[in-house]
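Letter by letter, the chains look like this.
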Amino acid sequence: MAKLTQDELLAQFEDMTLIELSGFVKAFEEKFDVTAAAAAPVMIAGAAGGAAAEAVEEKDEFDVILDGAGDKKIQVIKEVRTLTSLGLKEAKDLVDTAGAVVLEKVNKETAEKAKAALEGAGAKVTVK
């Protein structure tokens, strides 16, 4: 098998849906016994604790998590498709998955709008 370059790999990933990419990451983690979680920043012993506490409080990236579809599952699927670029099958699979992340690392305004739209469709949503 020919070795792919980094650019060729990235081109392959661009063609994948979020669900396919998520499955790939899980398979990669299992195969190589690693996690894709971001490493926690290392604090130097002499760093000012007050500045670090302020940085934590001023969170500017939020995740919109779908806790449940509720009674109007079709409406929730439509809203998920509106908020994301997912196709019908991928949106349905996402809605069927408990604790699925609909949007990642979005600003507070976008997260609140997405939460309101999904809750308006009957879903239970958490913003973290």
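Being a predicted model, the structure only gives us computed values, none of them experimental.

1. Let's talk about helix α5 (residues 88-96)
Residues spaced three or four apart along an α-helix point in a common direction, a consequence of the helix completing one turn every 3.6 residues.
Next, step 1: Among the residues of α5, those classed as buried are A91, L94 and V95. Looking straight down α5, one finds its buried side chains confined to an arc of 100°; they lie on one side.

2. Quick notes on unusual backbone geometry
Next, step 1: One non-glycine residue, K105, lies in positive phi territory at about 50°.
Next, step 2: Along the polypeptide, K105 turns up in strand β2 (residues 100-106).

3. Quick look at the nonpolar core
A general tendency of soluble globular proteins is for nonpolar side chains to be buried together.
Next, step 1: V64, L66, V76, V80, V95 and L118 are the most contacted members of the largest nonpolar core, which totals 21 residues.
Next, step 2: Where this core is concerned, the elements lending two or more residues are β1 (62-68), α4 (73-83), α5, β2 and α6 (108-120).
Next, step 3: Every residue in contact with V80, bar those within four places of it in the chain, is listed here: L86, A91, L94, V95 and L118.

4. A look at the sheet that holds β1
Hydrogen bonding along the main chain pairs the strands of a sheet, whether they run parallel or antiparallel.
Next, step 1: Pairing is antiparallel across the open sheet formed by three strands, whose spatial order is β2-β1-β3. Each edge of the sheet is formed by a strand with only one pairing partner; in this case those strands are β2 and β3 (124-127). Sheet twist, expressed as the mean angle between neighbouring strand axes with direction ignored, is 20°.
Next, step 2: One ladder, built from four bridges, connects β1 with β3; its direction is antiparallel.

5. Focus on the packing of aromatic side chains
Next, step 1: Summed over the entire model, instances satisfying the criterion amount to three aromatic pairs.
Next, step 2: With a centroid separation of 5.1 Å and an interplanar angle of 50°, the aromatic rings of F13 and F24 are classed as tilted. Of this pair, F13 sits in helix α1 (residues 6-14) while F24 sits in helix α2 (residues 18-32); the two residues are eleven residues apart in sequence, bridging distant segments of the chain.
Next, step 3: Between F28 and F32, the ring centres sit 4.8 Å apart and the planes meet at 50°, which makes this aromatic pair tilted. Here the residue F28 and the residue F32 both occupy positions in helix α2, the gap between them amounting to four residues, near one helical turn.
Next, step 4: Of the aromatic side chains, those joined through ring pairs into one cluster are F13, F24, F28 and F32.

6. Considering the pattern of salt bridges
A side chain of one charge can pair with a side chain of the opposite charge when the charged atoms of the two come close.
Next, step 1: In this structure the tally under the stated criterion is four salt bridges.
Next, step 2: Among the ionic pairs, D96 bridges to K73, the shortest N-O distance being 2.5 Å. Taken together, the residues D96 in helix α5 and K73 in helix α4 connect sequence positions 23 residues apart.
Next, step 3: Owing to a relative accessible area of 40%, D96 belongs among the partly exposed residues under this scheme.
Next, step 4: A salt bridge links D96 to K92, with the nearest nitrogen and oxygen atoms 2.8 Å apart. Remark: K92 and D96 occur in helix α5; sequence separation between them is four residues, near one turn of the helix.
Next, step 5: In this structure, a network of salt bridges that share partners links the residues K73, K92 and D96.

Conventions and cut-offs
- Residues numbered from 1 in each chain as written.
- Predicted model: local features only at pLDDT ≥ 70, side-chain atom pairs only at ≥ 80, totals over all residues.
- Heavy atoms only, no water.
- Buried < 20%, exposed > 50% of the residue type's maximum accessible area, 1.4 Å probe, protein only.
- Helix = DSSP H or I, 4+ residues; strand = E, 2+ residues; numbered from the N terminus.
- Arc of directions from axis to C-beta.
- Core = buried A, V, L, I, M, F, W, Y, C linked by side-chain atoms within 4.5 Å.
- Contact = heavy atoms within 4.5 Å.
- Pairing = 2+ DSSP bridges.
- Axes fitted to C-alpha atoms, helices over the stretch in contact; angles between N-to-C directions.
- Phe/Tyr/Trp six-rings, centres within 6.5 Å; stacked < 30°, edge-to-face > 60°.
- Salt bridge = Lys/Arg side-chain N within 4 Å of Asp/Glu carboxyl O.

Interpretation note: all reported values are geometric properties and have no functional meaning in isolation.
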